[in-house]
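Spelled out, the chains give:
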Amino acid sequence: MVSVGPIAINKLAQARQEVTSAGRLSEREALKKLRRKLQLSTAERNIALQEARDIVQQCRKQSNRRSLLDMFMSEFSLSTQEGIALLCICEALMRIPDDQTAEALIADKLGSGNWDEHLGSSDSLFINASTWALMLTGRIIRLGDDVTKNVTGWMKRLVSRLGETAAREAMEQGVQIVGNEFVVGQTIETALTRSLKNYERCSFDMLGEGARNYQDAERFFNHYLDSIDYIGKSVKETDSSGDFSVSIKLSAIHPRLEYRQKQRVLDELAPNLIHLALTAKHANVPLTIDAEEADRLELMMDILEALVANPEIARWDGLGLAVQGYSIRCYTLLGWLQALAEKHDTQFNVRLVKGAYWDTEIKQAQVDGLTNYPVFTRKPSTDLSWIVCAEQLFDSPNLIPQIATHNAFSMAAAKQISKGRPFEYQRLHGMGELLYTVAEENDSEFPPVRVYAPVGDHENLLSYLVRRLLENGANTSFVNRFLDEKCELNDVVHDPISRVDAYECNPHPDIPIPPHLYGNDRPNSLGLHLGDSDEVESLIRDIKKLTFPTQPVPDTHPNSIPEIFCKSRKAFESWNATTPNHRRQLIYKLAEELHKERAFLIKLMQEEAGKTLLDAVAEIREAIDFCHYYGNECVERLKPVNLVGPTGEQNQLYYKGRGVFVCISPWNFPLAIFLGQIIAALAAGNAVIAKPAEQTPKVAQFARRLMTYVGIPTDVVQLAFGSGVIGQLLIENKNVDGVAFTGSTATARTINLTLAQKDGPIVPFLAETGGINAMHVDSSILFEQSIDHILESAFQSAGQRCSALRLLCIQEEIFDEFVDALSRAMETLTIGHARDLATDLGPVIDRQAHEKLYEYVRSQRRNVLFDIIVPSEYQTTHIGPTIIEIQQVFDLQEEHFGPILHILKFKARERVQLLESISKSGYGLTFGVQSRIDQRAIEATEIVQAGNMYVNRNMIGATVGVQPFGGHGLSGTGPKAGGPNYLMRFVQEHVTSTNLVATGGNATLLNLSD
Ligand SMILES: Cc1cc2nc3c(=O)[nH]c(=O)nc-3n(C[C@H](O)[C@H](O)[C@H](O)COP(=O)(O)OP(=O)(O)OC[C@H]3O[C@@H](n4cnc5c(N)ncnc54)[C@H](O)[C@@H]3O)c2cc1C
């Protein structure tokens, strides 16, 4: 038994804290710290530079020896239209089951681009073969078809000469040629045979997307297990024992590798991982855990801790972890790994890479509203971090360095850093071959090289391939440029440190930090950083400490309504006289308070509306975004406009508030929609009487308290509580100057009628109602990606969003398989109390809604294809996610406001009729398309014409100012909330025309000079 001293434990806890805290550093601070730690001297860097340049020069001279992949990369770089088209084809073609869609994909991608240029430009059989294969398929594009318009003449000639099937087959062969270069074998048996012949050291990677369900996870787990077993047995008696390792992705062996699901992951994944590691240990097959996305890092650390807590594993030195130099936390992570290894008196293999998810990390941080990026934003910064991390790695006695790069300077720098200490290089199969061969030829003591070798069939290979092409085809990538004679040698091989010094550790000027995403004038609201355990846990603690006010909010007495209007009218006069700047100031203050009070707001929303933590955070962000957006809009758009006219007069258009607006909001967004309406009305100069939903008065009451706190006069925003009866009394009142409503189509109709039948002025009515929102899924999609989008669209917020997906239309050829995969993914959703971080699906709003949904599902039981049984304690509050099959679009006549997804099978040839039926439903709120074929997505969105259309993403969570939200037809009147036209519906326009001559002559005219 390994004895663990208190010092080691403290060191580990401290190291862990450092990792968490490092994530909060600004990029500049983080880089400056690393810069100070750098040990590599200028002289050493110059040696590395010289060595790297020599290697590249030699490679350039022998470029005929370069790998086929290197050729492919220089022929079709990502910067060309053809390169992108090829990527899309590679990624999708092999998995499409039906010819029609496969051909449509090829037509779509080859419809543009100049393929002739690539023919004959390379002397490689490979490039010509793939180009030829691709061009050949040009002929499948039918002449006269719309798609053919921009097809090159060369392709058109082929169209008439060749048959369709032969060409598609040629195309598939072309893709396979490309694929074969990346994969070492389709099975572990063939992969090992090939590797034993070609490589001294190898780490096998089993290809595939991350698991989305438990069956996938089990399949991957068994695959890993069998491979370890096979490798162990095959190399047992040879000298190669230990040289053939396996790399695993934790996201492949658990469908919910998320911090939110920590306990479940530790309970379910850790025992499996221990089993894998012990098998690997006994088979003498080293095991490395790949590095994945940044917000999974802390969870992976927890898992690793659980793993080495097993003494048998702790006594093994074959366990490894990949770490990413682009990560701001990488340096501290190495400190933690050293501390963990020390605590258990063991050693870890550490593979230092730069990181494969850079673009994803940047986008995700923007979407999540983080304060910083988890990665560096400039390539030299990543290079510097990687070098300092390499130094730390070599200086850590319990860590065994594995240096993974295809960059000549990084390779040479690692050699300088090692100062003769042993290590191994790592490269990817099919890449960097020439570089390593030349480097090895130049150095008799060149360290051993391990090749990371993907194993799998072509279908699974292609998404990996795309990842690699994206990563290495970019202009910043070394591999993309090193053999290109047009790129200056000194530019390809440069010293990243001097570049970092030149830009003084500053982040990339064109990648603003997430809070500045919308420029300096409008801050992005801050979200919750799920990759930062401290931040998440401290918010949860704060929420727990708070008490939910149990005192009910009394309904407004009908008799008091005239008095409310009276106060409102008075308050309006002075509020309308304030400047837009003043109003913006107060509204911005409100945004600040909303953020400060987020714990209490979350508490209220969890208790009153059953919101999960993430839904509540997103809702607060939306409310804050409304404040910033409308606050700015009132200053920018309500400026008086001077109009051009005859001389001697001044014509000016200006805007004022209309008077008293009644705002009626729903329970499903008790804060964001409630405040969105109010803030727009206030910003425009109106007074507001708001009636929140009767289910969520406390959220509204608290939000109003904040409005008062920041200085918005009490009578400018008044609340009226109660049921629809109160709402009806409000809109019937003759003093109403406008109504903003979000809710059901039926209530919107009633309001419309009431307003129309009233005496007095005709007032504006803005309605946002529901929809029967559909999504179209064709057979070109990547299942895993679409399933993620569908789960979010249909079941997030328990389906209680007006944008939620109600009708999923799936192409016949993939229908059964897709529904099966979707159902299995649904099984991984956690049904629970809104309070629990792990909960994906909370309660529906109230008993009445529950009964209605329950009865509906019961009435449809013959058509229910799949449902999740709700745990007994939630039987009366929750509805399990359910799939109901229907035969035609018109079978679904109304919106069922819960986690109920209707699905419909369609034939590819009836696609257009299907889209037309969706369009004829009369609703027009949201619509989604999942397809790799751009032309189809364009066509679908043109036919359906919904208010908000989403292509290859989820269809909920519209962002203020980015995706202005709202529908038409039965789904609403417009204008869109959070869009540039919304505020204008709340204003009255005035024009003043002043005769300047009346008080004297036309001095300006008379004084005109010659
Ligand atoms: C054996 C092996 C195993 C691997 N395992 C993993 C793994 O487990 N997890 C993983 O994530 N990756 C893994 N990779 C992929 C690895 O991250 C990429 O191959 C690597 O980033 C490319 O780096 P390079 O040194 O070869 O090339 P370079 O061209 O020097 O670096 C390219 C890299 O720089 C970074 N970068 C690009 N643009 C910017 C920018 N503007 N700002 C900041 N940084 C930028 C990115 O990380 C990009 O990939 C592995 C690679 C190898 C060889």
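Parameters at a glance
- Residues numbered from 1 in each chain as written.
- Predicted model: local features only at pLDDT ≥ 70, side-chain atom pairs only at ≥ 80, totals over all residues.
- Heavy atoms only, no water.
- Helix = DSSP H or I, 4+ residues; strand = E, 2+ residues; numbered from the N terminus.
- Contact = heavy atoms within 4.5 Å.
- Areas by Shrake-Rupley, 256 points an atom, 1.4 Å probe, with all protein chains shown as cover.
- 1 Å grid on protein atoms, 1.4 Å probe; cavity = no way out; pocket = protein on both sides within 12 Å on 5 of 7 lines; lining within 4 Å.
- Points joined across faces, edges and corners; volume = space filled by probe spheres on them.
- Nonpolar A, V, L, I, M, F, W, Y, C, P; charged D, E, K, R; others polar.
- Buried < 20%, exposed > 50% of the residue type's maximum accessible area, 1.4 Å probe, protein only.
- Pairing = 2+ DSSP bridges.
- Near = heavy atom within 4 Å.
- Polar contact = N/O pair within 3.5 Å; in protein donor to acceptor, adjacent residues only side chain to side chain.
- Axes fitted to C-alpha atoms, helices over the stretch in contact; angles between N-to-C directions.
- Phe/Tyr/Trp six-rings, centres within 6.5 Å; stacked < 30°, edge-to-face > 60°.
- Lys NZ or Arg CZ within 6 Å of the ring centre and 35° of its normal.
- Patch = residues over 30% accessible without salt bridge, like charges linked within 9 Å, V, L, I, M, F, W, Y side chains within 5 Å.
- Salt bridge = Lys/Arg side-chain N within 4 Å of Asp/Glu carboxyl O.
- Lys, Arg positive; Asp, Glu negative; His and termini not counted.
- Charge placed at Lys NZ, Arg CZ, Asp CG, Glu CD.
- Core = buried A, V, L, I, M, F, W, Y, C linked by side-chain atoms within 4.5 Å.

Draft legend 1. Seen up close, the overall build of the chain. Helix and strand counts for the chain come out as 39 helices and 23 strands. Long-range pairs, those at least 24 residues apart, make up 78% of the contacts in the chain with a sequence separation of at least 6. Only carbon and sulfur atoms are counted for the fraction: they give 49% of the accessible area of the chain, which is about 40,900 Å².

Draft legend 2. Local environment of the layout of surface pockets. Looking at the second largest pocket, its volume works out to about 1,300 Å³. The wall of the second largest pocket is formed by 42 residues, among which Trp667, Gly743, Ser744, Thr747 and Phe897 lie closest to the centre. Elements with a minimum of two residues in the lining of the second largest pocket: helix H32 (724-732), strand E14 (738-742), helix H33 (745-757) and helix H36 (847-859). Looking at the lining of the second largest pocket residue by residue, the class counts come to 16 nonpolar, 19 polar and 7 charged.

Draft legend 3. Representation of the pairing of strand E17 (residues 807-811) in the model. For E17, the buried fraction is high: 5 of the 5 residues fall into the buried class. Relative to E17, strand E16 (residues 774-777) runs parallel, the two being bridged by 4 bridges. What sits directly across from methionine 775, in E17, is leucine 808. Across 5 bridges, the pairing between E17 and strand E20 (residues 900-906) is parallel. When the bridges of E20 are listed, glutamine 811 appears paired with phenylalanine 906.

Draft legend 4. Focus on the site of the ligand. The environment of the ligand is formed by 30 residues, the closest being Gly355, Thr382, Thr405, His406 and Phe478. The contact in question runs from an oxygen atom of the ligand to an N or O atom on the backbone of alanine 291, over 2.9 Å. Burial of the ligand by the protein chains amounts to 96% of its free accessible area of 930 Å². Breaking the shell around the ligand down by element, the ones donating at least two residues are strand E4 (319-324), strand E5 (348-353), helix H18 (379-394), strand E7 (424-428) and helix H21 (458-473). Sorting elements by how many residues they give to the shell around the ligand places E7 first, with 3 residues. Within the shell around the ligand, the residues separate by chemical class into 12 nonpolar, 10 polar and 8 charged.

Draft legend 5. The sheet that holds E16, seen in detail. Spatially, the 7 strands line up as an open sheet ordered E18-E19-E20-E17-E16-E21-E22, and their pairing is mixed. Sheet topology places strand E18 (864-867) and strand E22 (948-951) at the edges, where each strand pairs with a single neighbour. For this sheet, the mean inter-axis angle between neighbouring strands, taken without regard to orientation, is 20°. Strand direction decides the pairing type here: strand E21 (residues 926-930) and E22, joined by 4 bridges, are parallel. Among the inter-strand pairings, valine 929 is bridged to a residue of E22, identified as valine 951. The strands touched by helix H35 (residues 812-826) are E16, E17, E18, strand E19 (882-885) and E20; relative to E17, the strand with the most contacts, the crossing angle is about 130°. This element, helix H38 (residues 934-944), spans E17, E21 and E22 of the sheet and lies at about 160° to E21.

Draft legend 6. Structural context of empty space enclosed by the protein. Using the criterion set out here, one finds 10 cavities of 30 Å³ or more in the structure. In this model, the largest cavity occupies a volume close to 150 Å³. If you trace the largest cavity, you find 17 residues lining it, with Ala291, Leu297, Ala322, Gln324 and Leu333 closest to the centre. Looking at the lining of the largest cavity residue by residue, the class counts come to 12 nonpolar, 2 polar and 3 charged.

Draft legend 7. Representation of the environment of glutamate 424. Secondary-structure assignment places glutamate 424 in strand E7. On the basis of relative accessibility, which here comes to 4%, the residue glutamate 424 falls in the buried class. In this structure, the C-alpha to C-alpha distance between glutamate 424 and arginine 201, residues 223 residues apart in sequence, is 9.5 Å. Residue contacts for glutamate 424: discarding those within four places in its chain leaves Arg201, Pro401, Gln402, Ile403, Pro448 and Arg450.

Draft legend 8. Just the sheet that holds strand E9 (residues 641-643), in detail. The antiparallel open sheet is built from 3 strands, whose spatial order is E9-E10-E23. Because the sheet does not close on itself, it has two edges, and the strands there are E9 and strand E23 (987-995). Averaged over all pairs of adjacent strands, the angle between their axes in this sheet comes to 25°, without regard to strand direction. Pairing analysis gives 9 bridges linking strand E10 (residues 649-657) to E23, with the strands arranged antiparallel. Bridge pairing in E23 links glycine 657 to valine 987.

Draft legend 9. Just the packing of aromatic side chains, in detail. Applying the stated criterion across every chain, the model contains 15 aromatic pairs. Judged by centre distance (5.2 Å) and plane angle (15°), the rings of phenylalanine 478 and phenylalanine 482 are stacked. Of the two residues, phenylalanine 478 and phenylalanine 482, both sit in the buried class. Three or more aromatic residues joined by ring pairs form one cluster here, namely Phe626, Tyr629, Tyr630, Phe661, Tyr982 and Phe986. The ring of tryptophan 386 is capped by lysine 354, whose NZ or CZ atom sits 5.2 Å from the centre of that ring. Of note, arginine 378 hangs over the ring of tyrosine 503, and the distance from its end group to the ring centre comes to 3.7 Å.

Draft legend 10. View of a positive patch on the surface. On the surface, a cluster of positive charge is contributed by Arg28, Lys32, Lys33, Arg36 and Lys37. With respect to the secondary-structure elements, arginine 28 resides in helix H2 (residues 27-37). Residue classification places arginine 28 among the partly exposed positions, given a relative accessible area of 31%.

Draft legend 11. Quick peek at unusual backbone geometry. Residue proline 975 follows glycine 974 across a cis peptide bond; omega there is -5°. Assignment of secondary structure puts proline 975 in the loop between E22 and E23. With a phi close to 50°, alanine 798 is a non-glycine residue in the positive phi region. Mapped onto the secondary structure, alanine 798 falls in the loop between helix H34 (783-795) and E17. Since its relative accessible area comes to 2%, alanine 798 is described here as buried.

Draft legend 12. Highlighting the nonpolar core. Formed by 115 residues in total, the largest nonpolar core has its most connected members in Phe204, Leu250, Leu273, Trp336 and Leu337. Examining the composition of this core, we find that 9 residues originate from one element, helix H13 (residues 262-283), more than from any other. Those residues within four positions of leucine 250 in sequence are excluded, and the remaining contacts are Leu257, Leu269, Leu273, Ile289, Glu292, Met300 and Ile303. Ile624, Tyr629, Phe674 and Ala681 belong to the second-largest nonpolar core, a separate cluster that totals 70 residues.

Draft legend 13. Summary view of the pattern of salt bridges. Scanning the model with the defined rule gives 48 salt bridges in all. In this structure, glutamate 424 and arginine 201 form a salt bridge, with 2.5 Å as the shortest nitrogen-oxygen distance. Linking glutamate 424 in strand E7 with arginine 201 in strand E1 (residues 201-206), this pair joins segments that are 223 residues apart in sequence. Residue arginine 201 is classed as partly exposed on the basis of its relative accessible area, which comes to 23%. Arginine 212 serves as the salt-bridge partner of aspartate 788, at 2.8 Å between the closest nitrogen and oxygen. A residue pair is termed long-range when its members are at least 10 positions apart, and aspartate 788 in helix H34 and arginine 212 in the loop between E1 and helix H11 (214-235) qualify at 576 residues. Beyond isolated ion pairs, a larger network of salt bridges with shared partners links Arg16, Lys262, Glu298, Asp302, Glu305 and Arg329.

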